[in-house]
Amino acid sequence: MDLLKKRILEDGRAIGNNIIKVDEFLNHQVDPVLMNEIGKEFKKLFSDRDITKILTIEASGIAIGAFVALHFGVPLVFAKKAKSLNIDDDVYSTSVYSFTKRTDYDVKVSRKYLSAEDNILIVDDFLANGRAALGLVDIVSQAGASLEGIGIVIEKGFQEGGKLLRDKGFRVESLAVINHMGNGEIEFN
Ligand code: 5GP
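The paragraphs below set out a description of the structure included in this document. Small disclaimer: the values here were computed from a predicted structure and weren't measured.

Analysis parameters
- Residues numbered from 1 in each chain as written.
- Predicted model: local features only at pLDDT ≥ 70, side-chain atom pairs only at ≥ 80, totals over all residues.
- Heavy atoms only, no water.
- Buried < 20%, exposed > 50% of the residue type's maximum accessible area, 1.4 Å probe, protein only.
- Helix = DSSP H or I, 4+ residues; strand = E, 2+ residues; numbered from the N terminus.
- Pairing = 2+ DSSP bridges.
- Right-handed = clockwise from strand over helix to strand, strands pointing away.
- Core = buried A, V, L, I, M, F, W, Y, C linked by side-chain atoms within 4.5 Å.
- Near = heavy atom within 4 Å.
- Polar contact = N/O pair within 3.5 Å; in protein donor to acceptor, adjacent residues only side chain to side chain.
- 1 Å grid on protein atoms, 1.4 Å probe; cavity = no way out; pocket = protein on both sides within 12 Å on 5 of 7 lines; lining within 4 Å.
- Sits in = over half its atoms within 2 Å of the grid points.
- Axes fitted to C-alpha atoms, helices over the stretch in contact; angles between N-to-C directions.
- Points joined across faces, edges and corners; volume = space filled by probe spheres on them.
- Nonpolar A, V, L, I, M, F, W, Y, C, P; charged D, E, K, R; others polar.

1. Details of the pairing of strand E7 (residues 119-127)
Part 1 of the argument: Burial runs high along E7: 9 of the 9 residues are buried.
Part 2 of the argument: Two strands pair when backbone bridges link them, and strand E3 (residues 53-57) and E7 are joined in this way by 3 bridges, in the parallel orientation. Paired with Ile 54 across the two strands is Leu 121, which belongs to E7.
Part 3 of the argument: The sheet contact formed by E7 and strand E8 (residues 146-156) spans 8 bridges and is parallel. Within E8, the position partnered with Leu 121 by the bridge is Gly 149.
Part 4 of the argument: With respect to chirality, the unit in which E7 leads through helix H5 (residues 131-143) into the neighbouring parallel E8 is right-handed.

2. Re the nonpolar core
Part 1 of the argument: Core analysis: the biggest nonpolar cluster contains 31 residues, and Leu 4, Ile 38, Ile 54 and Ile 154 have the highest contact counts within it.
Part 2 of the argument: Of all the elements in the fold, those that place two or more residues in this core are helix H1 (2-11), helix H2 (23-27), helix H3 (32-45), helix H4 (61-72), E7, E8, strand E9 (172-182) and strand E10 (185-188).
Part 3 of the argument: Counting 25 residues, the second-largest nonpolar core is a separate cluster that includes Ile 57, Val 109, Leu 136 and Ile 150.

3. Let's talk about the site of the ligand
Part 1 of the argument: For the ligand, the set of nearby residues contains 17 residues, the closest of which are Ile 20, Asp 124, Asn 129, Gly 130 and Lys 156.
Part 2 of the argument: Between the ligand and the protein, one listed contact pairs an oxygen atom with a backbone N or O atom of Gly 130 at 2.7 Å.
Part 3 of the argument: Within the side chain of Lys 156, an N or O atom sits 2.7 Å from a nitrogen atom of the ligand.
Part 4 of the argument: With respect to the pocket detection grid, the ligand is positioned in the largest pocket.
Part 5 of the argument: Of all the secondary-structure elements, those providing two or more residues to the shell around the ligand are strand E2 (19-21), E7 and H5.

4. A word on the sheet that holds strand E5 (residues 91-97)
One key point about sheets: their strands pair by backbone hydrogen bonds, in either a parallel or an antiparallel sense.
Part 1 of the argument: The strand order across the open sheet built from 8 strands is E5-E6-E4-E3-E7-E8-E9-E10, with neighbouring strands paired in mixed fashion. In this open sheet, the two strands that pair with only one neighbour each are E5 and E10. Put simply, the sheet's adjacent strands are angled 30 degrees from each other on average, direction ignored.
Part 2 of the argument: Pairing between strand E4 (residues 76-82) and strand E6 (residues 104-110): 3 bridges, direction antiparallel.

5. Looking at the layout of surface pockets
Part 1 of the argument: Estimated volume of the largest pocket: approximately 740 Å³.
Part 2 of the argument: Of all the secondary-structure elements, those providing two or more residues to the lining of the largest pocket are E2, H2, E5, E7, H5 and E8.
Part 3 of the argument: No other element matches E7, which puts 4 residues into the lining of the largest pocket.
Part 4 of the argument: Here the lining of the largest pocket is built from residues that sort into 15 nonpolar, 8 polar and 9 charged.
Part 5 of the argument: A volume near 160 Å³ is recorded for the second largest pocket.
Part 6 of the argument: Along its surface, the second largest pocket is lined by Leu 76, Val 77, Phe 78, Lys 80, Val 91, Lys 108, Val 109, Ser 110 and Tyr 113.
Part 7 of the argument: Going through the elements one at a time, E4 and E6 are the ones with two or more residues in the lining of the second largest pocket.
Part 8 of the argument: Taken together, the residues that form the lining of the second largest pocket break down as 6 nonpolar, 1 polar and 2 charged.

Below is the structure:
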């Protein structure tokens, strides 16, 4: 998605050789015009699927997810970070290793909002090693719902997540794939 790549080059900041800060338009301040285009693009990419819910993870997935949900005309559900794994019957829960915080955290989704009748599109801001996406896949499978695909705004193609998820047979569509970072430079696929 050219508009997104252009914006990453203009406003993204490479930290070391594997972290990008996009606080200017995605992770702190949010550009609704760009988010709207992102929502439109995911709708186009997954237009062959009968999606009933969009699933993401708080906090940075929410802004993206809301725009994607708007374009599909379906609800957004976001997995909430929990203090500890909830063993109550009323939630699906899983543990995720955080790429940026380097620690595990637990997330949960109320059973009220996902069921076996749902066709889910997972969306997230970044794909690095795939742990956040796999946590969401686990929640979809606990619900007995059907996973239709995974939509990623920025995939770091030099990390293992994309291959891992595609090798498992999941359909992953990324709007910008970064192949290389270093010396403050960002190179796309
Ligand atoms: P993964 O679980 O695929 O290893 O990492 C994805 C999650 O970590 C995303 O939900 C995102 O919040 C965070 N993340 C991974 N890489 C980056 C990055 O380069 N920049 C930012 N801002 N977040 C990242």
